[in-house]
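As a plain string of letters, each chain reads:
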Amino acid sequence: MATKKLNEAELVKYLYNAGAIRIAESPDDEMKIDVALPQIIGPNPPIRKDIAHMFENALKKIFPDEMRYAKYRFGCVGTGAIMPIMGLLSCPIATIDSYSRVREKMDTKQPFALVDDVLRTGNTLSHELTLLLSQGYRVNTIIVFFDEEIGGQNRIHEEYKRLSRMYFGHEEKIKIVVLMPRERILEHLVEAKIISRKV
């Protein structure tokens, strides 16, 4: 898939109007963002393609050498929530089914990126990391569309240190990429006059 220039502001506006991005004010007067991609990316091919391009562009930055000349010497692993876009990515893909099984077997010596829609507490992604690393997959990157910023990244970083010591024999770090940070969503919604203030 060729990368393209994405109108991020229009995408955020569309997702908001479609109910895939919801804003609520919490008791401490902070704006809480809830993102629910599965309900919109499944039935909407253009939006599905736009979001797939965001993941593809991130992969190009993370794996520039591996993607050169379309050799794709790396893989992507995803779960049910993000499945509608997985088939649009140009890298080899594997999926984790509802029974926590990796459905496609691939060369585990190459690097892998784990992709998902939303990072919350980090419990689900930590479980998936454990599953993949225990089967020999060298997952060194996580890409998510949105991070709720409730401690999920810290949990994953700490868990990955433990898992890498267990499976690699030494401590390694994992890279976490958030495609649409909270502040950018709020900025786009303020500029579009959909919300009146940004906290």
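Residues numbered from 1 in each chain as written. Predicted model: local features only at pLDDT ≥ 70, side-chain atom pairs only at ≥ 80, totals over all residues. Heavy atoms only, no water.

Enquirer: Quick one: what's the story with the sheet that holds strand β7 (residues 175–178), residue by residue and with numbers?
Expert: Sheet strands associate in pairs through backbone hydrogen bonding, adopting either a parallel or an antiparallel arrangement. Taken in spatial order, the five strands of this open sheet run β4-β3-β5-β6-β7, and their pairing is parallel. The sheet is open, and its two edges are formed by β4 (93–95) and β7, each paired on a single side. Between one strand axis and the next, the sheet turns through 25° on average, direction left out of account. Pairing of strand β3 (residues 75–78) with strand β5 (residues 111–119) involves four bridges; the strand directions are parallel. Of the residues in β5, the one forming a bridge with Cys76 is Ala113. The strands that helix α3 (residues 45–62) touches are β3, β5, β6 (138–147) and β7; relative to β6, the one it contacts most, it runs at about 140°. (Pairing = 2+ DSSP bridges. Helix = DSSP H or I, 4+ residues; strand = E, 2+ residues; numbered from the N terminus. Axes fitted to C-alpha atoms, helices over the stretch in contact; angles between N-to-C directions. Contact = heavy atoms within 4.5 Å.)

Enquirer: With reference to specific residues and values, describe the packing of helix α1 (residues 8–17) against α3.
Expert: Running from N to C, α1 and α3 cross one another at 130°; their axes reach a closest spacing of 12 Å. Taken together, the axes of α1 and α3 are oblique relative to one another. Along this stretch, α1 crosses α3, giving a crossing that reads as left-handed. Counted together, Glu8, Leu11, Tyr14 and Leu15 of α1 and Ile47, Asp50, Ile51 and Met54 of α3 form the full contact between these two elements. Looking at the contact of α1 with α3 residue by residue, the classes come out as six nonpolar, no polar and two charged. (Parallel < 35°, antiparallel > 145°, perpendicular 65-115°, else oblique. Left-handed = near helix turned anticlockwise from the far one by under 90°. Nonpolar A, V, L, I, M, F, W, Y, C, P; charged D, E, K, R; others polar.)

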